[in-house]
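# Geometric and topological summary
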Amino acid sequence: MSHTPSPPPPRAEPLYLADVEATARAAHAGQTDKAGRPYAEHLRAVAEGVRRRGGDDEQIAAAWLHDAVEDDALSERWLGEAALSRRTKDIVLALTKRTGEPPEAYAARILATPGASLVKEADLAHNADPARLAVLDTATRTRLTEKYARMRALLGLVDPDEGA
């Protein structure tokens, strides 16, 4: 992936949600999702999904940053030095898939990290949005639908079609 201008260096004072949002948007500038939409739209949707599900500011901050390390938009070192709570950092790291990692191990790490499953639930909800999936080719749509359903099952999340 090509890198865009670097985000500002970590600061000593705490980052507020507006700062986290601005940092995430800058880090992912120029990136698009599988449907060709600006990646920041996904980040915004996940952050809003966390808020709607009752998530707190630490979880909302993690939602903005949930793909930053995985996508090499921000380094793990940046995250470690950032003026974020330990909980926010832990959630971001829990949501960062590792190369070759089995889905079961990824899900176990999310479940073992306080606050991470709510962020992942919002991420999966947006990723599996039928309107988003509809613009993809059939093979990709089928593969992703199965992938998201499997992760929901591993996390013990109720299938949205089943009702709760």
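A short tour of the structure in this document, coming up. Computed from a prediction, not measured in an experiment: that's the story for all the values here. (Residues numbered from 1 in each chain as written. Predicted model: local features only at pLDDT ≥ 70, side-chain atom pairs only at ≥ 80, totals over all residues. Heavy atoms only, no water.)

## Examining the layout of surface pockets
Within this model, the largest pocket holds a volume of roughly 640 Å³. Elements represented by at least two residues in the lining of the largest pocket include exactly α2 (39-52), α6 (103-112), α7 (116-127), α8 (130-134) and α9 (138-154). Among the elements that make up the lining of the largest pocket, the one with the highest residue count is α9 (6 residues). Residue classes in the lining of the largest pocket are distributed as 12 nonpolar, 5 polar and 14 charged. (1 Å grid on protein atoms, 1.4 Å probe; cavity = no way out; pocket = protein on both sides within 12 Å on 5 of 7 lines; lining within 4 Å. Points joined across faces, edges and corners; volume = space filled by probe spheres on them. Helix = DSSP H or I, 4+ residues; strand = E, 2+ residues; numbered from the N terminus. Nonpolar A, V, L, I, M, F, W, Y, C, P; charged D, E, K, R; others polar.)

## Re the pattern of salt bridges
Throughout the structure, instances matching the rule amount to 12 salt bridges. Asp33 serves as the salt-bridge partner of Arg132, at 2.8 Å between the closest nitrogen and oxygen. Of this pair, Arg132 sits in helix α8 while Asp33 sits in the loop between α1 (17-27) and α2, placing them 99 residues apart in sequence. Between Glu41 and Arg37 there is a salt bridge; the shortest N-O distance is 2.6 Å. A relative accessible area of 24% places Glu41 in the partly exposed class. By relative accessible area, which is 44% here, Arg37 ends up partly exposed. Among the charged side chains, a network of salt bridges with common partners joins Asp56, Glu58 and Arg87. (Salt bridge = Lys/Arg side-chain N within 4 Å of Asp/Glu carboxyl O. Buried < 20%, exposed > 50% of the residue type's maximum accessible area, 1.4 Å probe, protein only.)

## Description of α1
The set of residues buried in α1 consists of Val20, Thr23, Ala24 and Ala27. Viewed along the axis of α1, the buried residues span an arc of 95°, placing them on a single side of the element. Buried residues in α1 make contact with α2, α3 (57-65) and α4 (76-81). (Arc of directions from axis to C-beta. Contact = heavy atoms within 4.5 Å.)

## Points about the environment of Thr32
Position of Thr32 among the secondary structure elements: in the loop between α1 and α2. Expressed as a C-alpha distance, the spacing of Thr32 and His42, which sit 10 residues apart in the sequence, is 9.2 Å. The contacts of Thr32, once residues within four sequence positions are left out, are Arg37, Pro38 and Tyr39.

## Considerations on a positive patch on the surface
A cluster of basic side chains, namely Lys34, Lys97, Arg143 and Lys147, defines a positive patch on the protein surface. Take Lys97: it is sitting in the loop between α5 (86-94) and α6. (Patch = residues over 30% accessible without salt bridge, like charges linked within 9 Å, V, L, I, M, F, W, Y side chains within 5 Å. Areas by Shrake-Rupley, 256 points an atom, 1.4 Å probe, with all protein chains shown as cover. Lys, Arg positive; Asp, Glu negative; His and termini not counted. Charge placed at Lys NZ, Arg CZ, Asp CG, Glu CD.)

## What about the environment of Met151?
You can see Met151 is positioned in helix α9. Note: C-alpha distance between Met151 and Glu104 (47 residues apart in sequence) is 8.3 Å. Setting aside anything within four residues of it in sequence, one finds Met151 in contact with Pro103, Tyr106, Ala107, Lys120 and Leu124.

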